[in-house]
Amino acid sequence: MKTGKKIVVLFAVFVVAAVVYFMWPMGSKEEDGVTATYQAMEDATLPVVYPTMLEKTMAPLFGHREEKAVTAGRDSLLVLPEDRKLQILVDEARDVASLSYEVRSLDLEHLIERTEITDWTEKDDGSLVVTLPIQNMLDQEVEYQLGIYAGLDDGSGVWYYARIIETENDHVGEMMALAEEYSKKTFHYESAQNLTMYMETSQTADNSSFGVVTLKNSFNQMTWGTMGADPISEPRMTLKEISGDLANIQLDYEVARTNENEETERFAVTENFTMKWTSQRIYMMDYERRMNELFTGERDLFSGKRIMIGISDGEDLYVKKSANGRFVAFVNNRELWSYDTSEGISARVFAFGGAELNDLNDVRTIRDQHDVEILNVADDGNIEFLVYGYMNRGSHEGWTGVSYNVYDAGSNTLEELFFVPASEPYAELKADLGRLAHKGENGIFYLYMNGAVYGIDLTSKEYMVVASGLNADSFAVSADHSRLAWQENTGLYDSKALHVMDLNTGSKSQIGDGTSDSYRILGFVGNDCVYGVGEDDDYIMSNGRVMGLYLKSLEIVDQNMESAMHYEKSGYYIRDVKVDESRIHITRVREKSNGFFGEVSEDTLVCNVEALPGRMDDIGWYASDVKGRVYYVQLAKDIPSTQKIRTVSPKKLVLEAGNTMNLETIASDGAIRFYAYGRGRLLGVFTEFADAAQAAYDCMGFVSAGKNTPIWIRANKPGAYFMRDVQNAVKLLERYLPEFKGQSILTEDVMLLDASGTTLNQILYFVGENMPVLVNTDAGRYQYLTGYDQGHVRLWDPLTGQSETIALDTAKERFESSGNDFICCIYVK
């Protein structure tokens, strides 16, 4: 009887403790007069908009707090119905007080329409059915930015963005249907047999992993092997791009399987299709499926010297350990976990979503436009890290930016030090922080964003602009992000000084006196800075254009700014340098003789540098007969089989006064940037068109001048094309050619494109669009590419007015010997 009373009493104590823990704040503190409380992360609250296109509900649009779509990216494209009445469904709409929309040009400069919505239908579940009566003011085949505004009961508002287009292309629906059919058939081995007509199975393809599957993989990989995976959610379809009869479509969904222990494993899947419609059939130009297992933290995932991650595409999967080796932090699927190898405590430090069904059922929590970057793991288990990109929920829900957080392992609490709103989409922000995000030993956090490097004092929360006006070629960062070097903003080949900064101490050094010689930053080997020195105005010229700077010497300085190597060869100039980890590849030419350079030769420097820790050093994998490549975190010692693993989730410190920090926006240098897109995502931003075209080439992608002006689309290149009226076709380029000074020029409707370095196969796209391509020759003359087929190209000489047809291989060799020096003039929309 006494035992029974004890159980009742203990149970009551447990209930009260649970109520206190989950319902009350964990505690509070006051700093500098600001009151703060600890609480769990807030649930997502913003409404979700589901557009209807071609009688199909498309993937949801998520709310943005920023205006003018500066953080929207190229996520979703909607084809308007013939009457332009676009239907949307607003879900989670209980706080919606008003609705309106506006249509702008893609550059956001021109407002086409702004309309208040005064009528909608409310469904039984509280969602709103709304029709947007878009006016007849749009040009056919031109994309516009649609912004839907929802005013909320608290007086705030939120925007939902998508591109819209009126088009006569009536084949998009067929390609959408094929994407759905293809995806469904992969789960059924027999019905999937006719998918082989789209596949391009290659013996060289990697069939070891289900993390990434393409058309080159085996039929077994395409059909999920023997995993027994089945969908557990409806595919969320997004039309990413259309161009003529070409479309890019993406499906996002979740699948599950039952493993040998009768436990459910869940996975996030993304399929991307690039398709081309013809009157005979639809061709699959490119396909990619990415699959990532959702980590649960269950006890059976901790075994031996391993923490089992499971199937992964390998992207953004990495480990960082404390110096004493006790604490292991790892990022997987945009979640941050920590494991205490001594106490057997697993902490789910940060996650917007999760692996449970209730997490997967709320599309707001599982959106994948954010990531986590670990800055430091201390010996006591404390972790400093960034969450950057779109904030799915919490106090910054709907904003895109950078959140700096500190996890206190001792108290199991999470504190956000500050939040920096961004003015660029997640993909660009990710690329920027990939260049530089570093917490210095001096208590300063350094980050690169929007062409500038900022330093933020973690104590005072004040910031400074370290360097601005930067582009990919004018600065470099060491592999561990602890050193930064940049050129003065005086022109890429005219900089009279370099600056090198130790981001751990904040000390800055200058190389060059600022008056004589020109300096080029070339990169880092380890933490040693590599730069070149050339004479003023000793440019590498090509047909009147500045292509580079001849260097007379190459220098390497160590962390103490002392010379580690001096490279100079008598009678030679350095024409090109590529820094590759511990190797430096040099292209040199003999000194000028009678105004000309002599032979070209290659040289390689091998540097003895300390190997820096890699992000994947503690990630391993083994081959499973069922799941293929299975990733795991490698531990230094075995986990005792009898040890219980306790998983905890921290409470977050919320400051009543807020902690948003707005950084000064630095004006752009005005140079054209080329954006490479493929497989439904941004592949990179480049200063040279040739680099962007190369990045997009293999995945049938496209290149845009600026964010939203596509100028090159690989899959749209015809198999053969010959211009009929050549003399008329070249008039546009001849008209603008005198204005060409070596850099691409973009006017309101015409672009003079420097396409030097582009391959012949890549440049022929423009010919196929009836745009002649100027080819400079060694003799200082030029010809025009005016046609091609599978084995030949046609050239037209403006001096003689004659055309010649030569073999494709001959043309490649001829143009490569002249540096593939191409110029093109194109109309832009």
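These notes cover the structure that comes with them. (Residues numbered from 1 in each chain as written. Predicted model: local features only at pLDDT ≥ 70, side-chain atom pairs only at ≥ 80, totals over all residues. Heavy atoms only, no water.)

On to the sheet that holds strand β47 (residues 628–639). Consider a sheet: its strands pair through backbone hydrogen bonds, and that pairing is either parallel or antiparallel. Across the sheet, which stays open at both edges, the 3 strands sit in the order β20-β47-β46 with antiparallel pairing between neighbours. Bordering the open sheet on either side are β20 (302–310) and β46 (619–624), each of which pairs with just one other strand. Sheet twist, expressed as the average angle between the axes of neighbouring strands with direction ignored, equals 40°. With 5 bridges connecting them, β20 and β47 associate as antiparallel partners. Considered in β47, the bridge of Met-308 is made with Tyr-632. (Pairing = 2+ DSSP bridges. Helix = DSSP H or I, 4+ residues; strand = E, 2+ residues; numbered from the N terminus. Axes fitted to C-alpha atoms, helices over the stretch in contact; angles between N-to-C directions.)

Two quantities define a packed helix pair, namely the angle between the axes and the distance from one axis to the other. Closest axis-to-axis distance for the helix α9 (residues 760–768)/helix α10 (residues 808–817) pair is 11 Å, and the angle between their directions is 105°. The angle between α9 and α10 places the two elements in the roughly perpendicular class. Together, Leu-760, Asn-761 and Leu-764 of α9 and Leu-808, Ala-811, Lys-812 and Phe-815 of α10 make up the contact between the two elements. Classifying every residue of the contact of α9 with α10 gives 5 nonpolar, 1 polar and 1 charged. (Parallel < 35°, antiparallel > 145°, perpendicular 65-115°, else oblique. Contact = heavy atoms within 4.5 Å. Nonpolar A, V, L, I, M, F, W, Y, C, P; charged D, E, K, R; others polar.)

In this section: empty space enclosed by the protein. Summed over all chains, the structure comprises 4 cavities of 30 Å³ or more. Taken as a whole, the largest cavity holds about 120 Å³ of empty space. In terms of lining, the largest cavity is formed by 14 residues, of which the most central are Phe-350, Phe-352, Ser-403, Glu-416 and Lys-652. For the lining of the largest cavity, the secondary structure elements donating two or more residues are β27 (400–408) and β28 (413–421). (1 Å grid on protein atoms, 1.4 Å probe; cavity = no way out; pocket = protein on both sides within 12 Å on 5 of 7 lines; lining within 4 Å. Points joined across faces, edges and corners; volume = space filled by probe spheres on them.)

Tallied over the full model, the rule gives 39 salt bridges. The partner of Arg-290 in a salt bridge is Glu-315, and the shortest N-O contact between them spans 3.4 Å. One end of the pair, Arg-290, is in strand β19 (residues 282–293); the other, Glu-315, is in the loop between β20 and β21 (318–321), and 25 residues separate them in sequence. Residue Arg-290 is classed as buried on the basis of its relative accessible area of 15%. (Salt bridge = Lys/Arg side-chain N within 4 Å of Asp/Glu carboxyl O. Buried < 20%, exposed > 50% of the residue type's maximum accessible area, 1.4 Å probe, protein only.)

Turning next to helix α5 (residues 426–435). For α5, every residue scored as buried is listed here: Tyr-426, Glu-428, Leu-429, Asp-432 and Leu-433. Along the long axis of α5, the arc covered by the buried residues comes to 160°, so they all point the same way. (Arc of directions from axis to C-beta.)

Before going further, it helps to spend a moment on the packing of aromatic side chains. In this structure the tally under the stated criterion is 33 aromatic pairs. Taking 5.9 Å as the distance between ring centres and 75° as the angle between the ring planes, the aromatic pair formed by Phe-674 and Phe-689 counts as edge-to-face. Note that Phe-674 is positioned in strand β50 (residues 674–678) and Phe-689 in helix α6 (residues 689–697), a separation of 15 residues in sequence. Taking relative accessible area as the criterion, Phe-674 reaches 2% and is therefore assigned buried. For the pair Phe-815 and Phe-822, a centre-to-centre distance of 5.8 Å together with 85° between the ring planes defines the contact as edge-to-face. (Phe/Tyr/Trp six-rings, centres within 6.5 Å; stacked < 30°, edge-to-face > 60°.)

Taken together, the side chains of Glu-260, Glu-263, Glu-298, Asp-300 and Glu-356 present a region of like negative charge at the surface. Locating Glu-298 in the fold gives a position in the loop between β19 and β20. A relative accessible area of 45% places Glu-298 in the partly exposed class. (Patch = residues over 30% accessible without salt bridge, like charges linked within 9 Å, V, L, I, M, F, W, Y side chains within 5 Å. Areas by Shrake-Rupley, 256 points an atom, 1.4 Å probe, with all protein chains shown as cover. Lys, Arg positive; Asp, Glu negative; His and termini not counted. Charge placed at Lys NZ, Arg CZ, Asp CG, Glu CD.)

Moving on, we come to the nonpolar core. Where a protein is soluble and globular, its nonpolar side chains tend to be buried together. Judged by nonpolar contacts, the single largest core of 70 residues is most densely connected at Leu-132, Tyr-182 and Leu-239. For this core, the leading source of residues is helix α2 (residues 172–185), giving 6 residues. Discounting chain neighbours no more than four positions away, the residues touching Leu-132 are Arg-84, Lys-85, Leu-86, Ile-88, Tyr-101, Ile-117, Leu-146 and Ile-148. Formed by 60 residues, the second largest nonpolar core is a distinct cluster that contains Leu-682, Ile-711, Leu-752 and Ile-763. (Core = buried A, V, L, I, M, F, W, Y, C linked by side-chain atoms within 4.5 Å.)

Inspection of the secondary structure puts Ala-256 in strand β17 (residues 246–258). For Ala-256, a relative accessible area of 12% corresponds to the buried category. With 26 residues separating them along the chain, Ala-256 and Asp-230 place their C-alpha atoms 5.5 Å apart.

Notably, Asn-770 is not glycine yet its phi reads approximately 65°, a positive angle. One can find Asn-770 in the loop between α9 and β57 (773–776). We note that Asn-820 has phi near 45°; this positive angle belongs to a residue other than glycine. Here Asn-820 is to be found in the loop between α10 and β61 (822–827).

Residue position: His-438 is located in strand β29 (residues 437–439). One polar contact links His-438 to Asn-504, side chain to side chain, over a distance of 3.0 Å. Setting aside residues no more than four positions away along its own chain, His-438 makes contact with Leu-375, Ile-444, Phe-445, Tyr-446, Asp-480, His-481, Ser-482, Leu-503 and Asn-504. (Polar contact = N/O pair within 3.5 Å; in protein donor to acceptor, adjacent residues only side chain to side chain.)

Taken in spatial order, the 4 strands line up as β29-β30-β31-β32 in an open sheet, and their pairing is antiparallel. Edge positions in the open sheet fall to β29 and β32 (463–467), since each of these has one partner strand only. Averaged over all neighbouring strand pairs, the angle between strand axes comes to 20°, with direction disregarded. Relative to β32, strand β31 (residues 452–457) runs antiparallel, the two sharing 4 bridges. Bridge pairing in β32 links Gly-455 to Met-464. Where α5 meets the sheet, its contacts fall on β29 and β30 (444–449), and the angle it forms with β30 comes to roughly 130°.

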